[in-house]
Number of protein chains: 2
Amino acid sequence: MLSAGKAISTTIASYVVGTKGAELPASVRQEALRSFFNFVGCTLGGAHHPGVTLTLQALQPFAGAGQATLLGRGRRSDALNAALINCLASSIYSYDDTHEQAVVHPSGPVASAVLALAEVEPVTGSDLLAAFALGVEMECRLCKALTVPPARGSMAWSGTGITGGFGAVIAAARLLGLDLPTTRTAIGIALSQAAGFRALHGSLCTPMMPAQAAQTGLRAAFLARAGFTSSSAPLEGRYGFLSVYCEEPDLDALTGDLGTRFEILRNTYKPYPCGIVIHPIIDACLELRRRHTPAPEDIVSVAIQASPGAMALCNNRNPKDEMQAHVSLHHWTAVCFIRGTARIQDMDTETAVKDPALMAFQDKVNATLDSSLASDAAVVTITLRDGRAYTSRIDHGIGSATRPMTNAELEEKFAAMAVPVLGEQRTRTLMQHCWDLAVLPDAAEVARLAG
Amino acid sequence: MLSAGKAISTTIASYVVGTKGAELPASVRQEALRSFFNFVGCTLGGAHHPGVTLTLQALQPFAGAGQATLLGRGRRSDALNAALINCLASSIYSYDDTHEQAVVHPSGPVASAVLALAEVEPVTGSDLLAAFALGVEMECRLCKALTVPPARGSMAWSGTGITGGFGAVIAAARLLGLDLPTTRTAIGIALSQAAGFRALHGSLCTPMMPAQAAQTGLRAAFLARAGFTSSSAPLEGRYGFLSVYCEEPDLDALTGDLGTRFEILRNTYKPYPCGIVIHPIIDACLELRRRHTPAPEDIVSVAIQASPGAMALCNNRNPKDEMQAHVSLHHWTAVCFIRGTARIQDMDTETAVKDPALMAFQDKVNATLDSSLASDAAVVTITLRDGRAYTSRIDHGIGSATRPMTNAELEEKFAAMAVPVLGEQRTRTLMQHCWDLAVLPDAAEVARLAG
């Protein structure tokens, strides 16, 4: 635990400014690359969500010159607006990433900010990757410091809402080459605009919180560079950030073992665009379907032993719209056995959700609580018309920290979202450029390819 | 006290949507007009502050079309940027307005939002005035509900930062003619971006907090109109706004006696651009100077009996820059006796602050604590070379709620800020248009005249 007198903001700014990209372990650079790759795919996947379209239309009258790409929209906008819109798209299906412990979806705000920045002030892919890694790292650390025991904080805050701007400004400040005091100033500016609480969950405000964080974080870096002022101790000072957003922050989580412990290594990616506690159920259903190829009409019943989390949040039969389908284990079970998939297009329209075949199948699905199951576990048993029964037990769902998505699985996820927007060929080229980010002379190439 | 089950957000949206401008009492419309008038003057006064100039330059690359006037800058920007910049200018000298009880400076975010809006979607002066009055009213009510006993809230939040967007969105939603559910949605969007804490006091982040509130409030109204979603209970819901920003809010202050009790009537205006607890000292000094016309060199000593607030915050001799001069009672005492004034230009440059005559005079000034004095009271005694001594006792400084600034005093304050920017003639025309706001067919006329 740091002593209360230690200058936390200075420690952080010093670390961010002083760390050479090459000093980041290969594992960190690799996980940053996977996080970035996943972000680009998710942004394309959300780019045509009606919520993104309406936001774009509402803000267009106030947007500036076309400096930066709106991924998947075939057009450009000013960099601050692009940071907001791209992050909104990346977050809108809650399909992005989640730190294993802190409830934060770290990549969206940071990646949106640096990608927009790269289009107005060119940087190498290697520099962008290092800045992104450090932004995500510090965002995860801050969120952990606010919410993961021994910290005692309020669950009412949106973790990404209040820490995303911190990640974004750190990455942007680094890319702009700001010195230590200016970086610290920039952090203070961004923190002064940190916001978001959970009462708005299930509405478009949820993805807007990270989007707003991306924009204000990027803007803070530009303001600091121009000479704007804040404080030399915005985090730890009296009446400072930590004092208002947390009853008792865990300072060691924030600044302990900087440069040796890396929270970004605990980032996870969602394989399916739905509530994370449904994921092991989907794994089990898809496995049963692969192994036994039951025709949907031959299935008499699907008995699900579900974790407490799945029962509390997702025991919702016959959802009526995308938001409800997102958290319905019945919906996804039916989708798995009827379509053999679990994609955005399985929930993003009323037609997809209210498909009569899906609705009828859900009557066969019953979930019961098994308190011994962790949130990444599930047991699914199908009984067929002829009396045969098959069971699949998943101890750790795909995408959990114990069983991380492989690069091939990330590619499959990426392609499922990108191909409908960009087509096969452009998707392949874009994926390759993402993987090659660290050697691109101009990082903005990725954004332009994703336009 | 409202029962916990009452739908507070709905009550507020209903009030805002359902109140006819003509239903507002004449006293309310008059105080709204004075608040608006004071805002325009303060915005011109701050328009050329270096902090405004650098913000404008930093954000210019991202700004959109020239839709709305940047007051006092002879140029235009997109409406969202104009709302931010104008509010920043209005707040930057902390010379604007303050609710008598809640520490909120209400007019900046609301007026900046509606004035920018009026330039893109024309409205009458009468409609703008009513919308502004309701926005300020609700902002003051919310800040009171969070911070004034019996509420138990944290002083660490910036009152204007976390409630300014609420005022701004209410006024903007009303001007856009949004219906009840859409207004409630807009309120939720704005609240989800409420931010600002006090550790950054004394930096440019302080005026940026209301500025950010102005911008996000205005944007929220546009987003809601376009179909963006939030919650039907953003204030009172579980994990809602009230739960995160206050330990125990005073709900009666927020929604009690809506339409009969008006907090805007308790708005006050600063006669001098410095810490409010110095104001009665300035009144006393200027009165002594008027009555006895002492030459500065004939004054041997100035003995000040100061309130606890003045001693705690402003007992600072020989300030080094504008920020320090702002809260130095010695500085302003010297300015009064040497220059006979207390204006922005008495502190806004290093030359003004470090004038050797001012510095020398401050050695004669001594303040002692008089715990019996309220924060709007002071006693000043000057002793002259020939042994004569004169005392002035101020029980309620000009601009306090007990002794509000007259319209003539507001005009004097306005002119001192506007004339250096616009010249005598344009200032006179602009002041007249401000007073005539309620009968202007196009409210934006005020903004254009102030360009």
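Residues numbered from 1 in each chain as written. Chains lettered and ligands numbered in written order. Predicted model: local features only at pLDDT ≥ 70, side-chain atom pairs only at ≥ 80, totals over all residues.

1. A few points about the overall build of chain A
Regarding its fold elements, chain A presents 20 helices and eight strands. A compact globule built from 451 residues would reach a C-alpha radius of gyration of about 22 Å, and chain A, at 22 Å, matches this within 12%. Viewed in the frame of its principal axes, chain A has a C-alpha envelope of about 75 × 45 × 40 Å. The buried share among the 451 residues of chain A stands at 59%. In chain A, the share of contacts with a sequence separation of at least 24, taken over all contacts with a separation of at least 6, comes to 79%. (Helix = DSSP H or I, 4+ residues; strand = E, 2+ residues; numbered from the N terminus. Rg over C-alpha atoms; globule rule 2.2 N^0.38 Å. Buried ≥ 20, exposed ≤ 12 C-beta atoms within 10 Å, placed from the backbone. Contact = placed C-beta atoms within 7 Å.)

2. Considerations on the packing of helix α5 (residues 107-120) of chain A against helix α9 (residues 205-226) of chain A
Residue and element names in this part refer to chain A. Across the interface, α5 lies against α9 with an axial gap of 8 Å and an inter-helix angle of 45 degrees. Taken together, the axes of α5 and α9 lie oblique to each other. In this structure, α5 meets α9 at a crossing whose hand is right-handed. Packed against α5, whose contacting residues are Gly108, Pro109, Ser112, Ala113, Ala116 and Leu117, the element α9 presents Pro210, Ala213, Ala214, Gly217 and Leu218 at the interface. Taken together, the residues of the contact of α5 with α9 break down into eight nonpolar, three polar and no charged. (Axes fitted to C-alpha atoms, helices over the stretch in contact; angles between N-to-C directions. Parallel < 35°, antiparallel > 145°, perpendicular 65-115°, else oblique. Left-handed = near helix turned anticlockwise from the far one by under 90°. Nonpolar A, V, L, I, M, F, W, Y, C, P; charged D, E, K, R; others polar.)

3. Observations concerning the domain arrangement of chain A
Residues and elements named next belong to chain A. Split by domain assignment, chain A resolves into domain 1 (8-271 + 408-449) and domain 2 (276-394). In this structure, domain 1 and domain 2 have C-alpha centres spaced 33 Å apart. Listed as interface residues are ten residues of domain 1 and, on the opposing side, six residues of domain 2. (Domains from an automatic or database assignment.)

4. Considerations on the interface of chain A and chain B
Counting from both sides, the interface comprises 47 residues of chain A and, opposite them, 47 residues of chain B. Elements that contribute at least two residues to the side of chain A that touches chain B include exactly α3 (50-59), α4 (79-91), α8 (180-191), α9 and α10 (241-245) of chain A. With seven residues, α9(A) is the largest single contributor of residues to the side of chain A that touches chain B. A class-by-class count of the residues in the side of chain A that touches chain B yields 27 nonpolar, 17 polar and three charged.

5. Topic: the sheet that holds strand β7 (residues 378-384) of chain A
All names here are of chain A. One open sheet accounts for four strands, arranged β6-β5-β7-β8; its pairing is mixed. Since the sheet does not close on itself, it has two edges, and those belong to β6 (365-369) and β8 (389-394), each with one partner. Between one strand axis and the next, the sheet turns by 15 degrees as a mean value, whatever way the strands run. In the sheet, β7 pairs with β8 via six bridges, with the strands oriented antiparallel. Across the sheet, Ile382 pairs through a bridge with Tyr390, a residue of β8. Sheet contacts for helix α12 (residues 279-292): β5 (299-306), β7 and β8; angle to β7, the most-contacted strand, approximately 40 degrees. Contacting β5 and β6, helix α15 (residues 329-339) crosses the sheet at an angle of about 130 degrees to β5. (Pairing = 2+ DSSP bridges.)

6. Quick word on the environment of Leu71(A)
Residue and element names in this part refer to chain A. Mapped onto the fold, Leu71 is located in the loop between β1 (68-70) and β2 (75-77). For Leu71, a count of 32 C-beta atoms within 10 Å puts it in the buried group. C-alpha separation for the pair Leu71 and Ser90, spaced 19 residues apart in sequence, amounts to 9.6 Å. Sequence-distant contacts of Leu71, that is, excluding residues within four places in its chain, are made with Thr43, Leu44, Ala47, Asn86, Ala89, Ala447, Ala450 and Gly451.

7. Considering the sheet that holds strand β5 (residues 299-306) of chain B
Residues and elements named next belong to chain B. Pairing in this open sheet of four strands is mixed, and the strands run β6-β5-β7-β8 from one edge to the other. Every other strand in the sheet has two partners, leaving β6 (365-369) and β8 (389-394) as the edge strands with one partner each. Each adjacent strand pair in this sheet contributes to an overall mean axis angle of 15 degrees, direction not counted. Bridging between β5 and strand β7 (residues 378-384) involves six bridges; their strand directions are antiparallel. Bridge assignment links Ile299 to a residue of β7, and that residue is Leu384. On the sheet, helix α12 (residues 279-292) packs against β5, β7 and β8 and is oriented at approximately 40 degrees with respect to β7.

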